[in-house]
Number of protein chains: 2
Amino acid sequence: MSHMAERAEHLWGGWGDPANAMALPPSIQSLLGVLNTAPAPATPLADLRPAPSRVDPGPLRDIVGAAHVHTDDATRLRRSGGKSTPDLLRQRAGEVSSAPDVVVCPSTHDEVQALLTFCSSARLAVVPHGGGTSVVGGLSPQADRYAGVVAIDLWRLNSLVDLDPVSRIATLSAGMRAPDAETILNQQGFTLGHFPQSFEYATIGGFAATRSSGQASAGYGRFDAMVVALTVATPAGSLTVGRAPASAAGPDLRQLFLGSEGTLGIITSVTVRLRPLPPETTYHGWSFPTFDEGLDAVRALAQDGPLPTVLRLSDELESTLQYSTDGALLIVATPHPHPHPLPGATGLGPEIGEKWLRGRYSGPYLRDALLDAGAFVETLETAAFWSRLPQLYRAVRDAFGDTFLLLCHISHVYETGASLYFTAVGPMISPAHWSEVKAAVSDAILANGGTISHHHGVGTDHRDWYVREVGELAIDTLRAAKRRLDPHGILNPGVLIPLP
Amino acid sequence: MSHMAERAEHLWGGWGDPANAMALPPSIQSLLGVLNTAPAPATPLADLRPAPSRVDPGPLRDIVGAAHVHTDDATRLRRSGGKSTPDLLRQRAGEVSSAPDVVVCPSTHDEVQALLTFCSSARLAVVPHGGGTSVVGGLSPQADRYAGVVAIDLWRLNSLVDLDPVSRIATLSAGMRAPDAETILNQQGFTLGHFPQSFEYATIGGFAATRSSGQASAGYGRFDAMVVALTVATPAGSLTVGRAPASAAGPDLRQLFLGSEGTLGIITSVTVRLRPLPPETTYHGWSFPTFDEGLDAVRALAQDGPLPTVLRLSDELESTLQYSTDGALLIVATPHPHPHPLPGATGLGPEIGEKWLRGRYSGPYLRDALLDAGAFVETLETAAFWSRLPQLYRAVRDAFGDTFLLLCHISHVYETGASLYFTAVGPMISPAHWSEVKAAVSDAILANGGTISHHHGVGTDHRDWYVREVGELAIDTLRAAKRRLDPHGILNPGVLIPLP
């Protein structure tokens, strides 16, 4: 079975492997009774027909070979949009206007470079495709002004290019999925330690392009902090940025491409810092009387240590609904058999920690089950300095109003602050209605010292707030850099940077 | 005594406070006998006359007040160039062509902004002046094409703007010198932990603009890693970058201004991450049989911990000449009364550690004494991944040839690699001769995986190698950003980014 066929089930209408589709737990089924939802099945993939492809595949075939250029409906549909709830609702309703005209699968940096050179000359918009897991509209460019849309799927760039065990660095091709990277590195005694909820499908290049952060970020850091070097293809040519463990040789240009979401170039390989695979990791649960008390304890660990590998504090409602515990649940993972005692907390033992571990990637499956059952569910996240967090937490809750059950946790901590991750569950609403709620919440985030995204990225959904967060002059500076690298603006147009 | 008068002695012809001028230790005096040097006193400041100022001070006085605009010879000479050995040799020989036409001392961000707006409209080149301690020609712009050169000295931007003890962050004005910052923060129980050799004179804004790294970087990190946010004035307007402890909202624009060396804007305030002031720090010496064995031990500490605050390994010649010890000396500072045992090393106790601590800022004073005595002395540095370091060390030594005594230490370590810092001492040579040696060494650095600078920066001296290190497309991308922020190219022209 080819990888393309293997991916067929993954990238349309739902998350991941249908074999892992999830039944709703009884607690959530009873919740749905309260919400008074009615089943809302998705339109079957086979019933959908995208508009005819506008792109001549010939020149693309000359670059990557005919076997790697796809214009069939199913492949195009599977590369259509990302995995936000509005994306899913549109897809489930049979809306297919975002399908690319053609899907091209290069296998080398040079092929990616040649594709970009050609697409730039032909004024074809390009959407880079890694795992396809964007939840912020990062795969939904505004391409009306272009002759067509080419999805460049990087899955064939899937190799370990180099591993330097002395320096503890490895160069990985950008299309490699996270589980493949972990498997290969584990065999050499190393780990990246990067386990976001999208782990099963997301790619190394996608992590870099979106500044991903994983569930073990307390111990291993954000993905951008692991990146030692990047190789990037742009319509204007190729470059490699990052050369040494640290440098004072000018601005850190890695940081221009990290978080650029495919708008400045296509990342084709990433050199990452490795850590030795720990002999074991234990997961324990602790309970604090309140979220506020848990927050103080988490801050003490983040600022003064000892810092666990995973540090995840749920607020009272999330603790009750997801874990049936009182107070605020803290999950702590450490590379030691016994956890440190936590002042003010009640130890709940390893069972609840292991339960969290088993379910760590199941959120998106649960979402599909909830959507099937006619409920609305979506997540959003932010980060702020510690002194602003309590006020930010309240302001976001207020902005959500009482339409939703609102769950929150802190799962990424720093010396100076932390992230807040919200899950909203409620009766089904339209994407337009959600868009209004999300706008109010995004306003509240900016008004209370939060960033518009700690780890989901900007895409198209956060773009207006991103502009407000960094300011027009900063956006214009990015535009100037983009014009040099992408003179015809073909790369993911309208994502991250507003069209002029 | 005004600060301007106070600075009079600091910024011409030698380093720091003349009261701290250093006598050469006997060991070095006997070395000079071997080198056969003859005293070479500097031209007195009073004998020098820069060309008449070409700039009308009137509009500048309107912005900052007449008392803060200086066109007298002495003030202009003191803001002339930096503190590299070639800078000092030119100054000592009476060469004054790099004196700015006027020195302006704003006291607020808005005044800096107004100065840049005016200078851009009048096509006046601008050199931002912090501590004036650049050792890479960062204060020697190529300004022939401009109507004049305005030095903007930031010393009056010298306040603690904000301190958030919960989030452990503080906002400091960019012109604040490091000792003032430490004093103010220490009073609140905090420290930056940033102690570069330029500590006594360098400023917060200068640290940011040059990606400084201090002697305690093992424990506290590089300065760029401490920066949470920056406020910057540019000819095109002002911006603030950095908002949260971490963010996935696009490229990290702090990293565009960090290391920009005054070419993209003038940093007017910096928000930094703080650490609690440790109750005590102990300094111990350890001796390894060889530099190679010390290097392996230092790598083990950097990769697997425990990581001391200071970790500084001298090679055999530096250990002998500077510390009269056999083998390779390792200085270790820890915030504990007792150091960890180091396998393979002989403990030398605290005396030698405290000797290093007392002399930690004395290098530049020693250089002045050597230059007075007719010897040549200069330093340069690089960084590379661990696997490349032994080869890089040998290649740099080979490129230096045998004209100089060459001392080396490692003082900045990372999980993936470390820096190498070289000191060359020998008979007096001309700046042109040194330039040839430095070119050969810089070629060797690039050919062996090193970055052209780990913490000194690029300036004008490293510019050609910087272009080779990052490539023309990266340089052109920076140029595009600069054109947006500085349309007339007035900011430190020719520093970092080659003139088009």
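Residues numbered from 1 in each chain as written. Chains lettered and ligands numbered in written order. Predicted model: local features only at pLDDT ≥ 70, side-chain atom pairs only at ≥ 80, totals over all residues. Heavy atoms only, no water.

1. What to know about the interface of chain A and chain B
Chain A puts 75 residues into the contact, and the matching count from chain B is 75 residues. Approximately 5,600 Å² of surface area, both sides summed, lies buried where chain A meets chain B, with 61% of it carried by carbon and sulfur atoms. Counting across the chain A and chain B interface gives 8 salt bridges. Glu415 of chain A serves as the salt-bridge partner of Arg273 of chain B, at 3.7 Å between the closest nitrogen and oxygen. Applying the counting criterion to the chain A and chain B interface returns 36 residue pairs in polar contact (both at pLDDT 80 or more). (Contact = heavy atoms within 4.5 Å. Buried area = accessible area lost by both parts, 1.4 Å probe. Salt bridge = Lys/Arg side-chain N within 4 Å of Asp/Glu carboxyl O. Polar contact = N/O pair within 3.5 Å; in protein donor to acceptor, adjacent residues only side chain to side chain.)

2. Considerations on the side chain of Thr416 of chain A
Position of Thr416 of chain A among the secondary structure elements: in the loop between β17 (405–410) and β18 (417–427). A relative accessible area of 6% means that Thr416 of chain A is categorised as buried. Thr416 of chain A has contacts with Ala384, Phe385 and Trp386 of chain A together with Ser167, Arg168, Ile169, Val228, Pro245 and Arg273 of chain B, leaving out every residue within four places of it along the chain. (Helix = DSSP H or I, 4+ residues; strand = E, 2+ residues; numbered from the N terminus. Buried < 20%, exposed > 50% of the residue type's maximum accessible area, 1.4 Å probe, protein only.)

3. Regarding the packing of helix α5 (residues 85–92) of chain B against helix α15 (residues 363–372) of chain B
All names here are of chain B. Between α5 and α15, the least distance of the axes is 12 Å, while the angle of their chain directions is 45°. By the criterion of interaxial angle, the relationship of α5 to α15 is oblique. Judged by the twist between their axes, the crossing of α5 over α15 is right-handed. Where α5 abuts α15, its residues Thr85, Leu88, Leu89 and Arg92 lie against Arg367, Asp368, Leu371 and Asp372. In terms of residue class, the contact of α5 with α15 is built from 3 nonpolar, 1 polar and 4 charged. (Axes fitted to C-alpha atoms, helices over the stretch in contact; angles between N-to-C directions. Parallel < 35°, antiparallel > 145°, perpendicular 65-115°, else oblique. Left-handed = near helix turned anticlockwise from the far one by under 90°. Nonpolar A, V, L, I, M, F, W, Y, C, P; charged D, E, K, R; others polar.)

4. Quick look at the relation of the copies chain A and chain B
The two copies are related by a screw operation: chain A maps onto chain B through 180° of rotation and 0.0 Å of translation along the axis, at an RMSD of 0.0 Å. Both chain copies can therefore be described as sitting about a two-fold axis. The fraction of interface residues of chain A whose copies in chain B are also interface residues reaches 100%, indicating that both copies meet through the same surface. (Least-squares fit on C-alpha atoms with pLDDT ≥ 70 in both.)

5. Topic: the packing of aromatic side chains
Applying the stated criterion across every chain yields a total of 26 aromatic pairs over all chains. When the ring of Trp15 of chain A is compared with that of Tyr201 of chain A, the centres are 5.6 Å apart and the planes differ by 85°; the resulting orientation is edge-to-face. One end of the pair, Trp15 of chain A, is in the loop between α1 (3–7) and α2 (26–35); the other, Tyr201 of chain A, is in the loop between β7 (190–191) and α8 (204–210), and 186 residues separate them in sequence. As far as burial versus exposure is concerned, Trp15 of chain A and Tyr201 of chain A are alike and both buried. Here the aromatic rings of Phe199 of chain B and Tyr361 of chain B are separated by 5.2 Å at their centres, their planes lie at 10°, and the arrangement is stacked. Of this pair, Phe199 of chain B sits in the loop between β7 (190–191) and α8 (204–210) while Tyr361 of chain B is found in the loop between α14 (350–358) and α15, placing the two residues 162 residues apart along the sequence. Accessibility assignment for this pair places Phe199 of chain B and Tyr361 of chain B in one class, buried. Ring-pair connections join several aromatic residues into one group, and the members of that group are Phe291, Phe376, Tyr393, Phe400, Phe404, Phe422 and Trp434 of chain A. (Phe/Tyr/Trp six-rings, centres within 6.5 Å; stacked < 30°, edge-to-face > 60°.)

6. Description of the domain arrangement of chain A
Residue and element names in this part refer to chain A. Entries for chain A in the domain assignment read domain 1 (160–276) and domain 2 (282–447). Using only C-alpha atoms to locate each centre, domain 1 and domain 2 end up separated by 26 Å. In this assembly, 15 residues from domain 1 lie in contact with 16 residues from domain 2. Buried surface at the junction of domain 1 and domain 2, summed over both partners, amounts to about 1,200 Å²; 49% is from carbon and sulfur atoms. Taken together, domain 1 and domain 2 are joined by 0 salt bridges. Counting every contact that joins domain 1 to domain 2 gives 8 residue pairs in polar contact (both at pLDDT 80 or more). Among the residues forming the side of domain 1 that touches domain 2, the class breakdown is 7 nonpolar, 6 polar and 2 charged. (Domains from an automatic or database assignment.)

7. Thoughts on the UniProt feature "domain: FAD-binding PCMH-type" (unreviewed entry) in chain A
According to UniProt, the feature "domain: FAD-binding PCMH-type" (unreviewed entry) maps to residues 96–277 of chain A in the numbering used here. As annotated, residues 96–277 of chain A comprises 23% helix and 26% strand, and the C-alpha atoms at either end are separated by 43 Å. (UniProt positions renumbered as here; feature names shortened; annotations may be inferred.)

8. Some thoughts on the UniProt feature "active site" (unreviewed entry) in chain A
All names here are of chain A. The sites that carry the UniProt feature "active site" (unreviewed entry) are, in the present numbering, Tyr421. Looking at the element boundaries, Tyr421 is found in strand β18. A polar side-chain atom of Tyr421 sits 3.2 Å from a polar atom in the side chain of Thr379.

9. Details of unusual backbone geometry
Residues and elements named next belong to chain A. Geometrically, the link from Gly305 to Pro306 is a cis peptide bond, its omega value of -5° lying close to zero. Non-glycine residue Asn492 carries a positive phi angle of around 40°. Here Asn492 is to be found in the segment after α19 (472–485). Residue class for Asn492 comes out buried when judged on its relative accessible area of 2%.

10. Some words on the sheet that holds strand β14 (residues 328–334) of chain B
All names here are of chain B. In space, the 7 strands of this open sheet follow the order β15-β12-β14-β13-β17-β18-β16, with antiparallel pairing throughout. In this open sheet, the two strands that pair with only one neighbour each are β15 (346–349) and β16 (375–385). The average angle at which neighbouring strand axes cross in this sheet is 25°, direction not considered. Pairing geometry for strand β13 (residues 310–314) and β14, over 4 bridges, is antiparallel. Paired with Val310 across the strands is Ala333, a residue of β14. Along the sheet, helix α13 (residues 316–323) contacts β13, β14 and β17 (405–410); its crossing angle with β17, the most-contacted strand, is approximately 100°. In the packing of α14 onto the sheet, contacts are made with β12 (282–288), β13, β14 and β15, and the angle to β12 comes to roughly 110°. (Pairing = 2+ DSSP bridges.)

11. Some remarks on the confidence of the model for chain A
Residue and element names in this part refer to chain A. On average, chain A scores 93 in pLDDT, and the residues at 70 or more come to 97%. Taken as a whole, residues 1–11 scores under 50 in pLDDT and shows 29 contacts with residues more than four places along the chain or in a different chain. On the interface metric, ipTM, the complex scores 0.96, and its pTM is 0.96. (pLDDT = per-residue confidence, 0-100.)

12. Observations concerning the pairing of strand β12 (residues 282–288) of chain A
Residue and element names in this part refer to chain A. Burial of β12 is extensive: 7 of the 7 residues sit out of reach of the surface. With burial as the criterion, each face of β12 is covered, one bearing Thr282, His284, Trp286 and Phe288 and the other bearing Tyr283, Gly285 and Ser287. Sheet analysis places β12 next to strand β14 (residues 328–334), joined by 7 bridges and oriented antiparallel. The residue of β14 that forms the bridge with Gly285 is Ile331.

13. Observations regarding a negative patch on the surface
Residues and elements named next belong to chain A. On the surface, Asp292, Glu293, Asp296 and Glu316 cluster together into a patch of negative charge. With 3 residues, the single largest contributor to the negative patch is helix α12 (residues 291–304). Residue position: Asp296 is located in helix α12. Given the relative accessible area of 45%, Asp296 is considered partly exposed. (Patch = residues over 30% accessible without salt bridge, like charges linked within 9 Å, V, L, I, M, F, W, Y side chains within 5 Å. Areas by Shrake-Rupley, 256 points an atom, 1.4 Å probe, with all protein chains shown as cover. Lys, Arg positive; Asp, Glu negative; His and termini not counted. Charge placed at Lys NZ, Arg CZ, Asp CG, Glu CD.)

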